[in-house]
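Architecture and fold: a report
Below, each chain spelled out in residue letters.
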Protein chains: 2
Amino acid sequence: MKQIGVGLLGFGTVGAGVVDGLQRNRALLSDRLGVDIVMRRIADLDITTSRGVTVAPGVLTTDSQAVIADPGVDIVVELIGGTGAARKLMMAALEAGKPVVTANKKLLAEHGEEIFALAHKRNVDIYFGASVGGGIPIVRVLREGLVGNAVVRIHGILNGTCNYILTRMEREGLPFDEVLAEAQRLGYAEADPALDIDGFDTAHKAAILTLLSYGFHVPMDSLPIEGIRGLDGVDVQYARELGYRIKLLATVARVGNAVEVRVGPTLVPLHHMLASVAGVFNAVMVRGDMSGDTLYYGRGAGREPTASTVIGDIADIARNLRTNQPRHVRTAQTALEKPRLCTAEEMRSAFYLRLMVKDQAGSLGRFTSILGKHGVSIAAVMQKAANGAGADGFVPVVALTHSTPEASLNAALDEITASGVVSTRPVSLRMLEE
Amino acid sequence: MKQIGVGLLGFGTVGAGVVDGLQRNRALLSDRLGVDIVMRRIADLDITTSRGVTVAPGVLTTDSQAVIADPGVDIVVELIGGTGAARKLMMAALEAGKPVVTANKKLLAEHGEEIFALAHKRNVDIYFGASVGGGIPIVRVLREGLVGNAVVRIHGILNGTCNYILTRMEREGLPFDEVLAEAQRLGYAEADPALDIDGFDTAHKAAILTLLSYGFHVPMDSLPIEGIRGLDGVDVQYARELGYRIKLLATVARVGNAVEVRVGPTLVPLHHMLASVAGVFNAVMVRGDMSGDTLYYGRGAGREPTASTVIGDIADIARNLRTNQPRHVRTAQTALEKPRLCTAEEMRSAFYLRLMVKDQAGSLGRFTSILGKHGVSIAAVMQKAANGAGADGFVPVVALTHSTPEASLNAALDEITASGVVSTRPVSLRMLEE
């Protein structure tokens, strides 16, 4: 049976998982693929610490370039992460005509254009299944399974740390800071959690989903990105009472001739499949023009789930190499006109609002009339404090709006804040439209 | 750009959807694939009735063999259904070296061994994504995305008609017969609903999932298949009170060295993702040894969703033909020892039991001691009638068991039935183990 050699760059948690998985399921894989996949070389700065897997002598090296250059290495797997060495090495591998597998969402989100252009020029395969959704084969689904669809919209829960925190906040009624500290103790959140909780990790994945579904590269600095750091537990509870769960959602959606890409906490109705996604799990709902709504759910991170998807990509390339033919699944659109990114003015949503309103006659009428003046129509309004105003003389009022331009809402909130009828700028959260 | 010609056999609902989708998204597809897919010939017995799509002159014919033989036809799409003409024509296409796309679950479940053997012998691609799960690309996920995983188990809601009926029974408290009649009026159920509601359609799909995950063909007549026809609304309500929903589940699971394949109504905990699958939607949960639990959800039938998956398969073959290389994704295992089917003695589950028990002192002790004698351990037991016995002197009692061999449970239920402590044989339903 033909052997396919893999060269691994980065022997961290996921790298060790890939080594383990290829060994453990080697017979199964070769039976399913008709080729034998062998881990030929592994490069890492640290080649002495045990990773709990057995590696043949001579496989480990500190020289990444040597791994790429090794004639026994048919596929290069980049699991270094970041945009420094990883970028240089990935470009070198593609330049050398070697197909690449990567899980590096940040690199693809920030430098994807350059990388995919080189892969295209050299006619080399590049697979990046594990860059979005960990163990969920969502990249493959968009590249292949739904290839006949014009994508209508995508909503994704793409960060397990955030979803874990939101689930705990809702179930235990705990404040954000406390749950974050707990998640850090348990290893579910990094010591520096900004990449996760401020929405950047989700935004990187949203950029990759945009490339896959609409064929263009999104400049990261042009995206509206909101995390969950500022989220008040009281809004999680009020949303729940109203029949919603708050999820950090990536949204990629066609709006007329443009595409809306954004990240932010969003109210999801309890009966919606995305509302059932609890704890560290991820899920992506894709609406295709033919398929209708489809959903993909699983573990968005972790050694084994991520390695599962990396191995799926290696297997695909190995099948291609069996016949010496790259499949070269395209990403960026070429012939078709690329859609443009939606402007802030084009973005619409229904909103959840929480206002701390002065407890006096006419307050409610005052802010509802300002909303009305800006064309924001109210679907429901509820005063939340049963026992009257707090010590400061303000009571929480929750309002749900109908779908409205975001710009109109913001103008209305500016005016309400300036009017003195509220104690602070109202909280506004988007609501998922079905 | 290279053109790839499609020959369609069967111009029904899904066939028309495929024609429509290929036309509508032609530019998108050719941009994504690098080839231009053209519907070259369509065969059907009826070529006069309008299907609401435009077809070029000369495309339609009543001669299926002519479509297969046409040198302009590179891919044959079989959407005739059934195991008669469809089988003959599919074999003819493979014999002629033409790759085949099919959605025919019954044909593959009953004659898959012969069909896949021929495809293997002729080194021709056969794709059958739409045979399971309609618009959900679950076949592709198992063949490719999760290819590096040993499958631990699969649970699927694979029949939209049954799921619609079960959803309505639970939400409206309606009896089975009434909901079935309504579903027939609305077109969600066939005039002859046996294939759906008696579980055979689900079993066909379970057989295909078994082939994909464990590499062997399951003889249909060796499967335990139970539908929802006998399901009493009262059990749907009791299950709900206990925190469960009843779903018709296909189960494919490794049990030691064997594989359990079965179809039957099953209690699913409300917090489980499968419990959120409502109405005509389908979903499949796959646990891989590396990926952990993953779930795939979408429309399990219908013109557009099914056509979406058929077009995904056509696209895959078209990519292969671009380089004149079949990918030949394997199904049946070859080198590895094939697992055997689980015997009835090896099957275990936790069970929901409903017993109509004589309302007299000692009845409860009597049946629980019989269960205990057979090694069936009880997790909870509840008397359901608040107001004592019915006119016949019997009261409903619900018991949940711990995991137990099915054979032990059946022996215990035989003895309980014979003992006279119950009015009829107790109802038993499996419970999903997490």
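None of these values were measured; they are calculated from a predicted model. (Residues numbered from 1 in each chain as written. Chains lettered and ligands numbered in written order. Predicted model: local features only at pLDDT ≥ 70, side-chain atom pairs only at ≥ 80, totals over all residues. Heavy atoms only, no water.)

Okay, the overall build of chain A next. Across its full length, chain A carries 14 helices and 17 strands. Relative to its length of 434 residues, chain A is compact, with a C-alpha radius of gyration of 24 Å against a globular reference of 22 Å. With the C-alpha coordinates aligned to their principal axes, the bounding extent of chain A is approximately 80 × 50 × 35 Å. Relative to its full complement of 434 residues, chain A shows a buried share of 60%. Taking all contacts inside chain A whose residues are at least 6 apart in sequence as the whole, residues at least 24 apart take part in 73%. Total accessible area computed for chain A in this model is approximately 15700 Å², and 50% of it derives from carbon and sulfur atoms. Positive and negative side-chain charges in chain A, numbering 44 and 46 respectively, have mean positions lying 4 Å apart. (Helix = DSSP H or I, 4+ residues; strand = E, 2+ residues; numbered from the N terminus. Rg over C-alpha atoms; globule rule 2.2 N^0.38 Å. Buried < 20%, exposed > 50% of the residue type's maximum accessible area, 1.4 Å probe, protein only. Contact = heavy atoms within 4.5 Å. Areas by Shrake-Rupley, 256 points an atom, 1.4 Å probe, with all protein chains shown as cover. Lys, Arg positive; Asp, Glu negative; His and termini not counted. Charge placed at Lys NZ, Arg CZ, Asp CG, Glu CD.)

Counting residues at the interface gives 61 residues for chain A and 61 residues for chain B. With both chains or domains summed, chain A and chain B bury close to 5300 Å², and 52% of this area falls on carbon and sulfur atoms. Where chain A packs against chain B, one counts four salt bridges. A salt bridge links Arg-140 of chain A to Glu-144 of chain B, with the nearest nitrogen and oxygen atoms 3.1 Å apart. Joining chain A to chain B, the criterion identifies 19 residue pairs in polar contact (both at pLDDT 80 or more). Those elements that place two or more of their residues in the side of chain A that touches chain B are helix H1 (13-24), helix H2 (26-33), helix H6 (138-145), strand E10 (281-288), strand E11 (292-299) and helix H12 (303-322) of chain A. Ranked by the residues each element gives to the side of chain A that touches chain B, the list is headed by H12 of chain A, at eleven residues. Split into classes, the residues belonging to the side of chain A that touches chain B amount to 25 nonpolar, 21 polar and 15 charged. Two elements, E11 of chain A and strand E11 (residues 292-299) of chain B, share three bridges in a ladder whose sense is antiparallel. Looking across to E11 of chain B, one finds that Tyr-296 of chain A is bridged to Tyr-296 of chain B. (Buried area = accessible area lost by both parts, 1.4 Å probe. Salt bridge = Lys/Arg side-chain N within 4 Å of Asp/Glu carboxyl O. Polar contact = N/O pair within 3.5 Å; in protein donor to acceptor, adjacent residues only side chain to side chain. Nonpolar A, V, L, I, M, F, W, Y, C, P; charged D, E, K, R; others polar. Pairing = 2+ DSSP bridges.)

This part is about the environment of Asn-159 of chain A. Residue and element names in this part refer to chain A. Inspection of the secondary structure puts Asn-159 in the loop between strand E7 (151-157) and helix H7 (160-172). Here the alpha-carbon distance between Asn-159 and Ala-250, two residues 91 residues apart in the chain, equals 9.6 Å. Excluding its chain neighbours within four sequence positions, the residues that come into contact with Asn-159 are Asp-196, Asp-201, Thr-202 and Asn-282. Among the polar contacts listed, one links the side chain of Asn-159 to the backbone nitrogen of Thr-161, at a separation of 3.2 Å. At 2.7 Å, the side chain of Asn-159 and the side chain of Asp-196 are in polar contact.

Before going further, it helps to examine the packing of aromatic side chains. All names here are of chain A. In this structure the tally under the stated criterion is seven aromatic pairs over all chains. Here the aromatic rings of Tyr-164 and Tyr-188 are separated by 4.7 Å at their centres, their planes lie at 75°, and the arrangement is edge-to-face. Here Tyr-164 is found in helix H7, whereas its partner Tyr-188 is found in the loop between helix H8 (176-186) and helix H9 (194-197), with 24 residues between them in sequence. For Tyr-164, a relative accessible area of 10% gives the class buried. Residue Tyr-188 is classed as partly exposed on the basis of its relative accessible area of 40%. Each ring, one from Phe-281 and one from Tyr-297, has its centre 4.8 Å from the other, and the planes form 0°; the classification is stacked. Placement of the pair is Phe-281 in strand E10 and Tyr-297 in strand E11, with a sequence separation of 16 residues. Residue Tyr-297 is classed as buried on the basis of its relative accessible area of 8%. Sitting above the plane of the Tyr-127 ring, Arg-143 keeps its charged end 4.9 Å from the centroid. (Phe/Tyr/Trp six-rings, centres within 6.5 Å; stacked < 30°, edge-to-face > 60°. Lys NZ or Arg CZ within 6 Å of the ring centre and 35° of its normal.)

Attention shifts here to the sheet that holds strand E2 (residues 36-43) of chain B. Residues and elements named next belong to chain B. Strand order across the open sheet formed by six strands is E3-E2-E1-E4-E5-E6, with parallel pairing between neighbours. Unpaired on one side and paired on the other, strand E3 (60-61) and strand E6 (126-127) mark the two borders of the sheet. Note: E2 against E3, two bridges, orientation parallel. Each residue of the ladder has a partner; that of Ala-43, found in E3, is Thr-61. Along the sheet, helix H1 (residues 13-24) makes contact with strand E1 (3-9) and E2, crossing E2 at roughly 150°. (Axes fitted to C-alpha atoms, helices over the stretch in contact; angles between N-to-C directions.)

Residue and element names in this part refer to chain A. H12 packs onto H2 with a crossing angle of 40° between their chain directions and a minimal axis gap of 11 Å. Between H2 and H12, the angle is such that the two are oblique. Judged by the twist between their axes, the crossing of H2 over H12 is right-handed. Each of Leu-29, Arg-32 and Leu-33 in H2 lies in contact with H12, whose residues at this interface are Ile-311, Ala-315, Arg-319 and Arg-322. A breakdown of the residues in the contact of H2 with H12 according to their chemical character gives four nonpolar, no polar and three charged. (Parallel < 35°, antiparallel > 145°, perpendicular 65-115°, else oblique. Left-handed = near helix turned anticlockwise from the far one by under 90°.)

Attention now moves to the sheet that holds strand E3 (residues 60-61) of chain A. All names here are of chain A. The parallel open sheet is built from six strands, whose spatial order is E3-E2-E1-E4-E5-E6. Because the sheet does not close on itself, it has two edges, and the strands there are E3 and strand E6 (126-127). Pairing analysis gives seven bridges linking strand E1 (residues 3-9) to strand E2 (residues 36-43), with the strands arranged parallel. Bridge pairing in E2 places Gln-3 opposite Asp-36. Running at roughly 155° to strand E5 (residues 100-102), helix H4 (residues 85-95) makes contact with E1, strand E4 (75-78), E5 and E6 of the sheet. Its contacts with the sheet put H12 on E1, E2, E4, E5 and E6, and the angle it makes with E4 is roughly 165°.

Now for helix H13 (residues 363-373) of chain B. All names here are of chain B. Three or more residues of H13 are buried, namely Ser-363, Phe-367, Ile-370 and Leu-371. In an axial view of H13, the angular spread of the buried residues amounts to 100°, which keeps them on one side of the axis. Its buried side turned inward, H13 meets strand E13 (348-358), strand E14 (378-383), strand E15 (394-401) and helix H14 (406-419). Of the residues one or two after H13, Gly-375 is the one with positive phi, at around 80°. (Arc of directions from axis to C-beta.)

Between side chains of opposite charge, a pair can form as their charged atoms come close. All chains considered together, the criterion is met by 61 salt bridges over all chains. One salt bridge connects Lys-106 of chain B with Glu-110 of chain B, and the closest N-O pair in it is separated by 3.6 Å. In this pair, Lys-106 of chain B and Glu-110 of chain B are both assigned in helix H5 (residues 105-122), four residues apart and thus about one turn of the helix distant. Judged by its relative accessible area of 29%, Lys-106 of chain B falls in the partly exposed class. According to the relative accessible area criterion, Glu-110 of chain B is partly exposed, its value standing at 37%. Taking the shortest distance from any N to any O, the salt bridge between Glu-406 of chain B and Arg-262 of chain B comes out at 2.9 Å. Residue Glu-406 of chain B is found in helix H14, and its partner Arg-262 of chain B is found in strand E9 (residues 258-269); the two are separated by 144 residues along the sequence. Assessed through its relative accessible area of 16%, Glu-406 of chain B is described here as buried. Linked through salt bridges whose partners overlap, the residues forming this network are Asp-20, Arg-24, Arg-303 and Glu-304 of chain A together with Asp-289 of chain B.

Once that is clear, we can look at the relation of the copies chain A and chain B. For the pair chain A and chain B, the relating rotation is 180°, the translation along its axis is 0.0 Å, and the fit reaches an RMSD of 0.0 Å. Taken together, the rotation and translation relating the two chain copies correspond to the operation of a two-fold axis. Minimal C-alpha distance to the rotation axis in chain A is attained by Tyr-296 of chain A, lying at 2.4 Å. Looking at chain A, 100% of its interface residues are interface residues in chain B too, so the copies touch through the same face. (Least-squares fit on C-alpha atoms with pLDDT ≥ 70 in both.)

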